[in-house]
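Descriptive structure summary
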Amino acid sequence: MGTAQNLRQATPGACTAFVRFALCGGGVGLASSFAVAALASWMPWILANALITAASTLLATELHARFTFGTGTGGRATWRQHAQSAGSAAAAYAVTCVAMLVLRQLVAAPGVMLEQSVYLSASALAGAARFAVLRLLVFARNDLQVTAAVSTARPLHMPMLRATAPARATVLCRTT
């Protein structure tokens, strides 16, 4: 039973998971934005964004498996979780690319601060959607496994205690 309780405790609630997601994902996202800006000075922005998105997705998925969602699998993300997380990262990549393309259509020569603002805003929007996908789809199987482990951890012959009604029920329910 101790194992089932440990698994249940390892799975944080939605609010805790969101705070952890924001800290882990936000930290990786912030570092990624600076890395994209640095790489974009050497190569096309879209290629720099693709490389940084791939690297940051691997890092963030590991962090989310270990800290954000408490998978109960020894802390490591499975290959399946990495693949599913990559799908949500591909959508986030598309959102950031579209945002930057729109910015460049609207502003001929945007400054670094404007680019960072647009990029981080698009990343935040994509991140909120990504949290929902990761919580409800990618790491949800573990919630089901934890629930199954907790429900099967109860002893088969558990005595049931029944409450009996007091002999004088009117004592409990006086109207005057």
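The text that follows walks through the structure, step by step, so that each part is easy to find. Note that the structure is predicted; figures quoted are calculated from it, not measured.

Reading guide: rules and limits
Residues numbered from 1 in each chain as written. Predicted model: local features only at pLDDT ≥ 70, side-chain atom pairs only at ≥ 80, totals over all residues. Heavy atoms only, no water. Helix = DSSP H or I, 4+ residues; strand = E, 2+ residues; numbered from the N terminus. Buried < 20%, exposed > 50% of the residue type's maximum accessible area, 1.4 Å probe, protein only. Contact = heavy atoms within 4.5 Å. Expected span 1.5 Å × (residues − 1). 1 Å grid on protein atoms, 1.4 Å probe; cavity = no way out; pocket = protein on both sides within 12 Å on 5 of 7 lines; lining within 4 Å. Points joined across faces, edges and corners; volume = space filled by probe spheres on them. Nonpolar A, V, L, I, M, F, W, Y, C, P; charged D, E, K, R; others polar. Axes fitted to C-alpha atoms, helices over the stretch in contact; angles between N-to-C directions. Parallel < 35°, antiparallel > 145°, perpendicular 65-115°, else oblique. Left-handed = near helix turned anticlockwise from the far one by under 90°. Patch = residues over 30% accessible without salt bridge, like charges linked within 9 Å, V, L, I, M, F, W, Y side chains within 5 Å. Areas by Shrake-Rupley, 256 points an atom, 1.4 Å probe, with all protein chains shown as cover. Salt bridge = Lys/Arg side-chain N within 4 Å of Asp/Glu carboxyl O.

Okay, the overall build of the protein chain next. The number of helices and strands found in the protein chain is seven helices and zero strands. Helices and strands appear in the protein chain in the N-to-C order α-α-α-α-α-α-α. Counting every position in the protein chain, which comprises 176 residues, the buried fraction comes to 32%. Sequence-distant contacts, at least 24 apart, represent 72% of the contacts inside the protein chain between residues at least 6 apart.

Attention shifts here to helix 4 (residues 79-106). Helix length check: helix 4, at 28 residues, gives a terminal C-alpha distance of 40 Å against a target of 40 Å (1.5 Å per residue), a fit within 8%. Of all the positions in helix 4, only Gln81, His82, Ser85, Ser88, Ala89, Ala92, Thr96, Cys97, Ala99, Met100 and Leu103 are classed as buried.

Attention now goes to the layout of surface pockets. Space inside the largest pocket adds up to approximately 560 Å³. Lining of the largest pocket is provided by 28 residues; of these, Gly25, Gly29, Ser123, Gly127 and Arg130 occupy positions nearest its centre. Going through the elements one at a time, helix 2 (14-40), helix 3 (45-68), helix 4 and helix 5 (112-138) are the ones with two or more residues in the lining of the largest pocket. Of the residues forming the lining of the largest pocket, the biggest block, nine residues, is contributed by helix 2. Considering only residue class, the lining of the largest pocket consists of 15 nonpolar, 12 polar and one charged.

So, about the packing of helix 4 against helix 5. Packing of helix 4 against helix 5 brings their axes to within 9 Å, and their N-to-C directions diverge by 155 degrees. By the angle class used here, helix 4 and helix 5 are roughly antiparallel. Considering the relative orientation of helix 4 and helix 5, their crossing is right-handed. Side by side, helix 4 and helix 5 meet where Gln81, Gln84, Ser85, Ser88, Ala89, Ala92, Val95, Thr96, Ala99, Met100, Leu103 and Arg104 of the first sit next to Leu114, Glu115, Val118, Tyr119, Ala122, Ser123, Ala126, Arg130, Val133, Leu134 and Val138 of the second. Split by residue class, the contact of helix 4 with helix 5 holds 14 nonpolar, six polar and three charged.

With that settled, consider a nonpolar patch on the surface. A cluster of nonpolar side chains, Leu30, Phe34 and Leu120, forms an exposed patch at the surface whose accessible area comes to about 280 Å². Examined against the element boundaries, Leu120 turns out to sit in helix 5. For Leu120, a relative accessible area of 32% translates into the label partly exposed.

Contact pair helix 3 / helix 5: the axes reach a minimum separation of 14 Å and the direction vectors enclose 40 degrees. With respect to each other, helix 3 and helix 5 are oriented oblique. The interaxial crossing formed by helix 3 with helix 5 has right-handed handedness. Packed against helix 3, whose contacting residues are Trp45, Asn49, Thr57, Thr61 and His64, the element helix 5 presents Tyr119, Arg130 and Leu134 at the interface.

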